[in-house]
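Each chain, written out:
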Amino acid sequence: MQAVWMIFSSFMFATMGVCVKYASEHFNSAELVFYRGVLGILFMAAYARARGITLATHYPAMHAWRSVIGVMSLSAWFYAIAHLPLATAMTLNYMSSVWIAAFLVGGALMAWTPPKTGAAPESGAAGLGALFSSQGPLVMAILASFTGVVMLLRPAIDQNQTFAGLVGLMSGLGAAFAYMQVMAISRMGEPETRTVFYFAVGTAVAGALGMAVMGVTPWNWQHALWLPPIGILASLGQLSMTKAYSMSENHGGTLMVANLQYSGIVFAALYSLILFGDNIPLIGWAGMVLIIVSAIAATVLRARAAPNAPAEEH
């Protein structure tokens, strides 16, 4: 059942991306972020009440910082969805696992200390060799994923979409930072329901501030019909993902669930072809597959460093 819940979650997020793409024709990014936050607040507050979970927290600063990072990532993702093929925007956002793997490799390299003066050269070489033997697979996954990005972006993005491609990459990087912050909050004993609720609060606040700068689109009820599904689908996706991880009884089950989240890229690709007529060349499909395989490998390898990490959010 955990596999079913994760596939359902990925389908919800991909479907939300479709709604964002349609809604972006009538609303700016700040408005989409705001309405997603407001609907998320209502949904998560009702869910927390039904589960008997209090929303009071002893760590407001940590939730605020997590919200800032998450809102920046979410805004970048919505911008990428509006200006890129849906499958491309989804793939770039799902690179968060690869970015986390890069952080792990960088942390290991920074923590390594060379042998002191007078020590045998062989000891330093052995230590460096052990470091690269342990981090080598992660490095290969990172390099393979970036190769896939080059394969995907070059054929699939026009010259006037270069900036949107960079924003899409930043959305994945921001998601990785937000994920690491969620890990830190989880270690403090905070339930994920509370974390998701305060993220929705931060999203609504940031969206309102953005609307003060970017302006508000004249209200049209037909166009506004795209707004409720964004918040509802996002909440359903997060709750289904949480359910999938909570049902994973062992390390292998957790890895299976984590890897199944990349099915969202497949759903997005199908939406791109069927609904939007996006043309992704063969080399673009090959790059997408390479990114998915690399992200799965990075997920497996990073799980060794953080086996009890919470679910990633989108």
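Quick note: structure is the one above.
Source: prediction; values computed, not measured. (Residues numbered from 1 in each chain as written. Predicted model: local features only at pLDDT ≥ 70, side-chain atom pairs only at ≥ 80, totals over all residues. Heavy atoms only, no water.)

### Points about the pattern of salt bridges
Oppositely charged side chains can form a pair if their charged atoms are brought close together. In this structure the tally under the stated criterion is one salt bridge. The closest approach of N and O atoms between R194 and E190, which form a salt bridge, is 2.5 Å. Residue R194 is classed as buried on the basis of its relative accessible area, which comes to 10%. (Salt bridge = Lys/Arg side-chain N within 4 Å of Asp/Glu carboxyl O. Buried < 20%, exposed > 50% of the residue type's maximum accessible area, 1.4 Å probe, protein only.)

### Some words on the nonpolar core
Across soluble globular proteins, you tend to see nonpolar side chains buried next to one another. Ranked by size, the top nonpolar core spans 51 residues in total, and within it M16, L32, F78 and I230 carry the most contacts. With nine residues, the top contributor of residues to this core is helix α1 (residues 2-23). Excluding residues that lie within four positions of it along the chain, F78 makes contacts with M16, V20, L32, V33, R36 and I230. (Core = buried A, V, L, I, M, F, W, Y, C linked by side-chain atoms within 4.5 Å. Helix = DSSP H or I, 4+ residues; strand = E, 2+ residues; numbered from the N terminus. Contact = heavy atoms within 4.5 Å.)

### So, the packing of aromatic side chains
Going through the model one piece at a time under the given rule, you end up with 13 aromatic pairs. Summarising the aromatic geometry, the rings of F27 and Y35 are spaced 6.3 Å apart at their centres and angled 75° between planes, so their arrangement reads as edge-to-face. Residue class for F27 comes out buried when judged on its relative accessible area of 4%. Ring geometry for W219 versus W221: centroids 5.4 Å apart, planes at 85°, classification edge-to-face. A residue is classified by how much of its surface remains accessible, and W221, at 66% relative accessible area, is exposed. Pairwise contacts between aromatic rings join F27, F34, Y35, W219 and W221 into one cluster. (Phe/Tyr/Trp six-rings, centres within 6.5 Å; stacked < 30°, edge-to-face > 60°.)

Keep in mind that these numbers describe shape and distance, not what the molecule does.
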